[in-house]
Amino acid sequence: MNRLKNKVVLITGAGRGIGRACALAAAKEGADIVISDVEKNIEDVPYDLSSSLQLEKTETDCRNFGASVLKIFADVTKIEEISAMIQEVMDRFGRIDVLINNAGIGAPAGKATHEHTEKEWKVLINVNLSGPWRMIKMVAPIMINQNCGSIINIASTAGLLGYKHFVGYVASKHGVIGLTKSAALDYALNNVRVNAICPGPVFDDEDVDGSMTKVVADSLGIQLGEQEEIDLQSVAMGTVVSPNDVADAAVWLGSDESLRVTGSSITVDAGYSIK
Ligand code: NAP
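Per chain, residues are indexed from 1 in the order of the written sequence. Residues qualify for local features only when their pLDDT is at least 70, as the model is predicted, and side-chain atom pairs are given and counted only at 80 or more; totals for whole chains, interfaces and linings, by contrast, use all residues. Here the side-chain values reflect all heavy atoms present in the structure, with hydrogen atoms and water set aside.

A.B. asks: How should helix α4 (residues 118-146) be read in this particular structure?
C.D. replies: Two residues of an α-helix separated by three or four positions point the same way, owing to the 3.6 residues in each turn. Helix and strand assignments follow DSSP, with helices taken as H or I runs no shorter than four residues and strands as E runs no shorter than two, numbered in order from the N terminus. For a helix, the expected span equals 1.5 Å multiplied by the number of residues minus one. With 29 residues, α4 extends 40 Å from end C-alpha to end C-alpha; this agrees with the ideal 42 Å at 1.5 Å per step. Bend angle per residue: angle between axes fitted to the 7 residues ending at that residue and the 7 residues starting there. At S130, α4 shows its strongest bend, of approximately 40°, with the proline P132 following within four residues. Of the residues one or two after α4, N147 is the one with positive phi, at around 60°.

Here it is as structure tokens:
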């Protein structure tokens, strides 16, 4: 309890899934919370993004833990929306201690590298890689000025391994690992830490409205149950990761318990990437 007390934690993509789990975990640990989400569908992304109601649910649930919450709709592909969001956060809280770059998309996918259009390639890079870069661009000066901060990039085991028919996603997440390492070096002397979390397959969880496993199954043209079986067979521990497992790692990286940890990519994958 209270491992994030007096800290302001900003989470992108907090309407559902891992982002929502991170917001609830940070609220439980005493943080002031900023939650953001895109609230509309994105051209070239072949599935529905979440509704404003989902971000409102995250807001209400965080408040129920006693947290102060600021909810903002912002698209991580739009630097002007990020800039307006950061201004609003500074007006309200005056600081940002932890940034969780969680917003991400899992598709377009499901075909060989050469079969993708340039638009499909670009949308994955734009959201998954350039999105965290834009957030760091706007938040790092604030953390440097504070002489403290923790930036947590939600990458993936797809940032460490190849996945057949997921080239844009895999390339974007490998990029996130590179972004993490270089930014960690850039800010090490400013006491601003930058780390990545690499979740393996995370089952969709009704409590946090996750839907990424369904996105993967739909992309490959198979049933959700089949994808879940494939995931179960692939994890050494015989049980897949939950959004809360990822949130627990994010709380640790955001807290002062990890003060000497920077530039690392921590797998939370139930042994998926051991071999
Ligand atoms: P999710 O349920 O689809 O949640 C993704 C969140 O990102 C949603 O809230 C979505 O907004 C938001 N988002 C998407 N594009 C955005 C944009 N342009 N601007 C702002 N927000 C945007 O997926 P998830 O499974 O929780 O994934 C969260 C992160 O974990 C992603 O980076 C993903 O790559 C990574 N990850 C997931 C898994 C997995 O198996 N689930 C495994 C490894 C890594 P809306 O709420 O409007 O839809």
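A.B. asks: Even after reading the chapter, I still don't get the pairing of strand β1 (residues 8-12), so can you show me in this structure?
C.D. replies: Looking along a regular strand, one sees side chains alternate from face to face of the sheet. A simple rule labels every residue: compare its accessible area, found with a 1.4 Å probe on the protein chains alone, to the largest value its type can have, and call it buried under 20%, exposed over 50%, or partly exposed in between. Burial within β1 is extensive, with five of its five residues counted as buried. A pair of strands counts as paired when DSSP detects no fewer than two bridges linking them. As paired strands, β1 and strand β2 (residues 32-37) are joined by five bridges and run parallel to one another. Bridge pairing links L10 to V34 in β2. As for the winding sense of the linkage, the β-α-β connection from β1 through helix α1 (residues 17-28) to β2 is right-handed. Direction of pairing for β1 relative to strand β4 (residues 98-101): parallel, over a ladder of three bridges. Within the sheet, the bridge partner assigned to L10 lies in β4 and is L99. If the strands point away from the viewer and the path from the first strand over the helix to the second runs clockwise, then the crossover is right-handed.

A.B. asks: Which parts of the structure should I look at to understand the pattern of salt bridges?
C.D. replies: Here the idea is simple: oppositely charged side chains can pair when their charged atoms come close. When a carboxyl oxygen of Asp or Glu lies within 4 Å of a side-chain nitrogen of Lys or Arg, that pair is called a salt bridge. Counting across every chain of the model gives 13 salt bridges. K57 serves as the salt-bridge partner of D61, at 3.3 Å between the closest nitrogen and oxygen. Taken together, the positions of D61 and K57, both in helix α2 (residues 52-64) and four residues apart, correspond to about one turn of that helix. Exposure remark for D61: the relative accessible area of 19% places this residue in the buried category. You can call K57 partly exposed: its relative accessible area is 39%. K111 is paired through a salt bridge with E120; the nearest N and O atoms lie 3.1 Å apart. Under the relative-accessibility criterion, K111 is labelled partly exposed at 25%. Classification of E120 by relative accessible area gives buried; the value is 15%.

A.B. asks: Looking at this structure, how should I read the packing of aromatic side chains?
C.D. replies: Two measures describe an aromatic ring pair: the distance that separates the ring centres and the angle between the ring planes. In summary, the pairing rule links any two rings of Phe, Tyr or Trp, Trp by its six-membered ring, whose centres are within 6.5 Å, and it sorts them by plane angle into stacked for under 30 degrees, edge-to-face for over 60 and tilted for everything else. One pass over the structure, following the stated rule, counts one aromatic pair. Centroid distance Y163 to Y272: 6.0 Å. Interplanar angle 10°. Geometry classified as stacked. Here Y272 lies in the segment after β7 (265-268) and Y163 lies in the loop between β5 (149-154) and α5 (167-187), a separation of 109 residues in the sequence.

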